[in-house]
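Coordinate inspection notes
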Amino acid sequence: MAFLHGTRRPKGIRGTRSRGIGLHVSLILGVLLSAFPFYWAVIMSTHTSSEIFSYPPKLLPGSHFLENLRSLFDNIDFFGSMFNSVLVAGSVTFLVLLFDSLAAFVFAKFRFPGKNVLFALLMVIFMVPAQLAAIPQFVIMAKLGWIGSMTALIVPAAANAFGIFWMRQYMKSAIHDELLDASRIDGANFLRQYWHVALPVVRPGLAFLGIFTFMGQWNDYAWPLIALTNPDNVTLQVALSQLNGTHGTTDYGMVMTGALLALVPLLIVFAVGAKQIIGDLGKGAIR
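On a predicted model such as this, the values are computed, not experimentally measured, just so you know.

1. Describing the pattern of salt bridges
On inspection of all chains with the given rule, the structure shows two salt bridges. A salt bridge links Asp177 to Lys109, with the shortest nitrogen-to-oxygen separation between them at 3.2 Å. Within this pair, whereas Asp177 is found in helix H10 (residues 177–185), its partner Lys109 is found in helix H5 (residues 78–109), the two being separated by 68 residues in sequence. Two residues, Asp181 and Arg184, come together in a salt bridge whose shortest N-O distance is 2.9 Å. Highlighted residues: Asp181 and Arg184, both in helix H10, separated by three residues, approximately one helical turn. For Asp181, a relative accessible area of 39% gives the class partly exposed. The exposure class assigned to Arg184 is partly exposed, which follows from its relative accessible area of 36%.

2. Re the side chain of Ser81
Along the polypeptide, Ser81 turns up in helix H5. Every residue in contact with Ser81, bar those within four places of it in the chain, is listed here: Val234, Thr235, Leu236 and Ala239.

3. As for the packing of aromatic side chains
Counted under the stated rule, the structure contains 20 aromatic pairs. Geometrically, the ring pair formed by Phe78 and Phe79 is edge-to-face, given 5.5 Å between the ring centres and 90° between the ring planes. Classification of Phe78 by relative accessible area gives buried; the value is 3%. Under the relative-accessibility criterion, Phe79 is labelled exposed at 54%. A ring pair is formed by Phe105 and Tyr194, whose centres lie 6.1 Å apart and whose planes are at 50°; its orientation type is tilted. Within this pair, whereas Phe105 is found in helix H5, its partner Tyr194 is found in helix H11 (residues 190–201), the two being separated by 89 residues in sequence.

Reading guide: rules and limits
- Residues numbered from 1 in each chain as written.
- Predicted model: local features only at pLDDT ≥ 70, side-chain atom pairs only at ≥ 80, totals over all residues.
- Heavy atoms only, no water.
- Salt bridge = Lys/Arg side-chain N within 4 Å of Asp/Glu carboxyl O.
- Helix = DSSP H or I, 4+ residues; strand = E, 2+ residues; numbered from the N terminus.
- Buried < 20%, exposed > 50% of the residue type's maximum accessible area, 1.4 Å probe, protein only.
- Contact = heavy atoms within 4.5 Å.
- Phe/Tyr/Trp six-rings, centres within 6.5 Å; stacked < 30°, edge-to-face > 60°.

Here you go:
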C-alpha cells in the first residue's frame with residue numbers, strides 16, 4: 001500500500017500533457033487573433049463614423065446598424081451588384097472546374113506528342129503577372145464587342161494555369177493507373193474515365209480549387225472596373241468602392257456594413273467546400 005501511495009506519474013507523461021496544454025492555448029490565441037478583424041468589422045458596422053474614431057475605441061456593438069444599412073441601400077444597388085458578382089463568380093468557378101480538370105487529367109495520365117513543351121508553356125503563363133495581360137485582354141474584348149457585359153469577365157477567366165497545375169499534381173498521386181487500366185478493359189472511353197473514375201477520386205482537390213476560384217473572382221476589383229463601362233452594371237466590389245467619399249467625408253459605418261454583408265456568400269461557399277473536402281478525405285481514409 002505504501003508503494004501504491006508513493007507512485008507518481010512519469011516525467012514523460014507530465015511533459016507530454018504540458019506540451020499538449022501549451023499547444024491548445026497557442027491554438028486558441030491564434031483563433032482569437034484571427035477572428036478579431038471580423039469582430040471589429042461587426043462592431044464598426046453598428047456605429048457612426050464619429051463613434052468609430054472615438055477614444056477609447058468602442059468594443060461593444062452600437063445601435064446604428066439599421067441606419068447604416070438604409071444608407072447603404074440608398075447609395076448603391078447592393079442586391080443588383082451582388083447578383084452580378086454571384087453570376088460572374090459562379091459561372092467562372094464552374095467553367096474553371098470543368099476545363100482545368102479536363103486539361104489536368106490529360107496532362108497527368110496520358111501521353112501525347114509535345115506534352116512536355118505544352119506543360120512548360122503553361123508554367124511560363126503561370127509565372128506571368130495577370131496585370132500584364134490587362135491591355136491586350138481589353139483590346140480583344142473590345143474587338144469582340146463584349147466590353148460592358150458580363151461575358152468580358154467570364155470568358156477570359158474560364159480556365160487558368162494555376163488550376164491546371166494544381167489538378168495535375170493532385171491527379172498524378174490520387175488516380176492510380178490500375179483504375180484507368182481496369183476501366184479501359186471494361187470499354188470506357190476518355191469521357192467515361194474522366195467522369196466515373198477521375199472525378200469521384202479528386203473531389204477534395206476540386207473543392208479547394210472551387211473555393212479558391214470563387215473567392216478570387218468575388219474579390220476581383222481591377223478588371224471589372226475596366227471592363228464594365230456601365231456604372232449601373234457593376235460587380236459588388238466596384239459598387240462598394242463607390243461608397244468612398246471625397247475630402248474625408250466617407251461614412252465608414254456604412255462602408256463596413258457593406259463589406260460585412262459582402263462576406264456572407266464567401267462564408268457560405270467556404271463552409272460548403274470545406275465540408276466536401278473533410279467528408280471526402282474521411283471516406284478515403286475509411287476505404
